[in-house]
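Overview (structure and organization)
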Amino acid sequence: ISAGNHNGDRGVIIQYSSATQRYLVELGETGETLSVKPENILQQIHVKIHGIISQPNLNGCTGLVWYTENKYRYSIYIASLEKFA
């Protein structure tokens, strides 16, 4: 990665260029824009859990969706509980 100093930075995708096959990403802290290959982007999705019957204590919790490749499944990391659900 030519801009490795941006690894771990957060930003928002503002457009996709089919000509270059890259996303234009605006970094949150600086407003700087970068042209980024899709394989160099980690998407984080925030969710709120509801409807869990087997573990009702998780209902109402928020977390980040995380894909566990070796298990071929998604998990939710709940920061307030410091655990995956």
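Anyway, here's the lowdown on the structure attached to this text. (Residues numbered from 1 in each chain as written. Predicted model: local features only at pLDDT ≥ 70, side-chain atom pairs only at ≥ 80, totals over all residues. Heavy atoms only, no water.)

**Topic: the sheet that holds strand β1 (residues 11-17)**
The test is simple: Only when DSSP finds a minimum of two bridges between them are two strands counted as paired. What counts as a helix is a DSSP run of H or I of at least four residues, what counts as a strand is a run of E of at least two, and both are numbered from the N terminus. Think of each axis as a best-fit line through the C-alpha atoms, taken over the contacting stretch in the case of a helix, with angles from 0 to 180 degrees between the N-to-C directions.
If you walk across this open sheet you meet the three strands as β1-β2-β3, and the pairing is antiparallel. Each edge of the open sheet carries a strand with a single partner, namely β1 and β3 (33-36). For this sheet, the mean inter-axis angle between neighbouring strands, taken without regard to orientation, is 25°. Here strand β2 (residues 22-27) runs beside β3; their pairing, made up of four bridges, is antiparallel. Among the inter-strand pairings, Glu26 is bridged to a residue of β3, identified as Thr33.

**A short note on a nonpolar patch on the surface**
What counts is decided by this rule: Residues enter a patch when their relative accessible area is above 30% and they make no salt bridge; the linking distance is 9 Å between like charges and 5 Å between nonpolar side chains (Val, Leu, Ile, Met, Phe, Trp, Tyr). Method for areas: the Shrake-Rupley scheme with a 1.4 Å probe, in which residue coverage is limited to the protein chains shown. Note on definitions: salt bridges are taken to be side-chain nitrogens of Lys or Arg within 4 Å of carboxyl oxygens of Asp or Glu.
A grouping of Leu42, Trp66 and Phe84 is seen on the molecular surface, where their side chains present a nonpolar patch of about 350 Å² in accessible area. Tracing the backbone shows Phe84 in strand β7 (residues 83-84).

**Section: the packing of aromatic side chains**
The line we're drawing: Centres within 6.5 Å make a pair out of two Phe, Tyr or Trp rings, where for Trp the six-membered ring is used; the pair is then stacked when the planes are under 30 degrees apart, edge-to-face when over 60, and tilted otherwise. Each residue is placed in one exposure class: buried if its accessible area under a 1.4 Å probe, protein chains only, is under 20% of its type's maximum, exposed if it is over 50%, and partly exposed if it falls in between.
Within the structure shown, the criterion is met by two aromatic pairs. Ring plane angle 55° and centroid distance 4.8 Å describe the contact between Tyr16 and Tyr23, whose orientation is recorded as tilted. Owing to a relative accessible area of 42%, Tyr16 belongs among the partly exposed residues under this scheme. Since its relative accessible area comes to 26%, Tyr23 is described here as partly exposed.

**Concerning the pairing of β2**
Where β1 lies against β2, six bridges are found, and the strand directions are antiparallel. Bridge pairing in β2 links Ile13 to Val25. The loop that links β1 with its antiparallel partner β2 comprises four residues; one of these, Gln21, has a positive phi angle of about 55°. The turn linking β2 back onto β3 is made up of five residues, and Gly31 within it adopts a positive phi angle of 80°.

**Remarks on the environment of Ser35**
Keep this limit in mind: Should any heavy atoms of two residues lie within 4.5 Å, those residues are counted as being in contact.
Mapped onto the elements, Ser35 comes out in strand β3. A C-alpha to C-alpha distance of 27 Å links Ser35 and Val47, two positions 12 residues apart in sequence. Excluding residues within four positions of it along the chain, Ser35 makes contact with Arg22, Tyr23 and Leu24.

**Here's the deal with the sheet that holds strand β5 (residues 62-68)**
Across the sheet, four strands lie side by side as β4-β5-β6-β7; this open sheet has antiparallel pairing. The open sheet is flanked by β4 (46-48) and β7, the only strands paired with a single partner.

**Concerning unusual backbone geometry**
As a rule of thumb, non-glycine residues mostly have phi less than zero, and peptide bonds are mostly trans rather than cis. Phi at Gln21 is positive, roughly 55°, even though this residue is not glycine. Tracing the sequence through the fold places Gln21 in the loop between β1 and β2. Phi at Tyr72 takes a positive value of approximately 55°, unusual for a residue other than glycine. Checked against the element boundaries, Tyr72 lands in the loop between β5 and β6 (73-78). On the basis of relative accessibility, which here comes to 65%, the residue Tyr72 falls in the exposed class.

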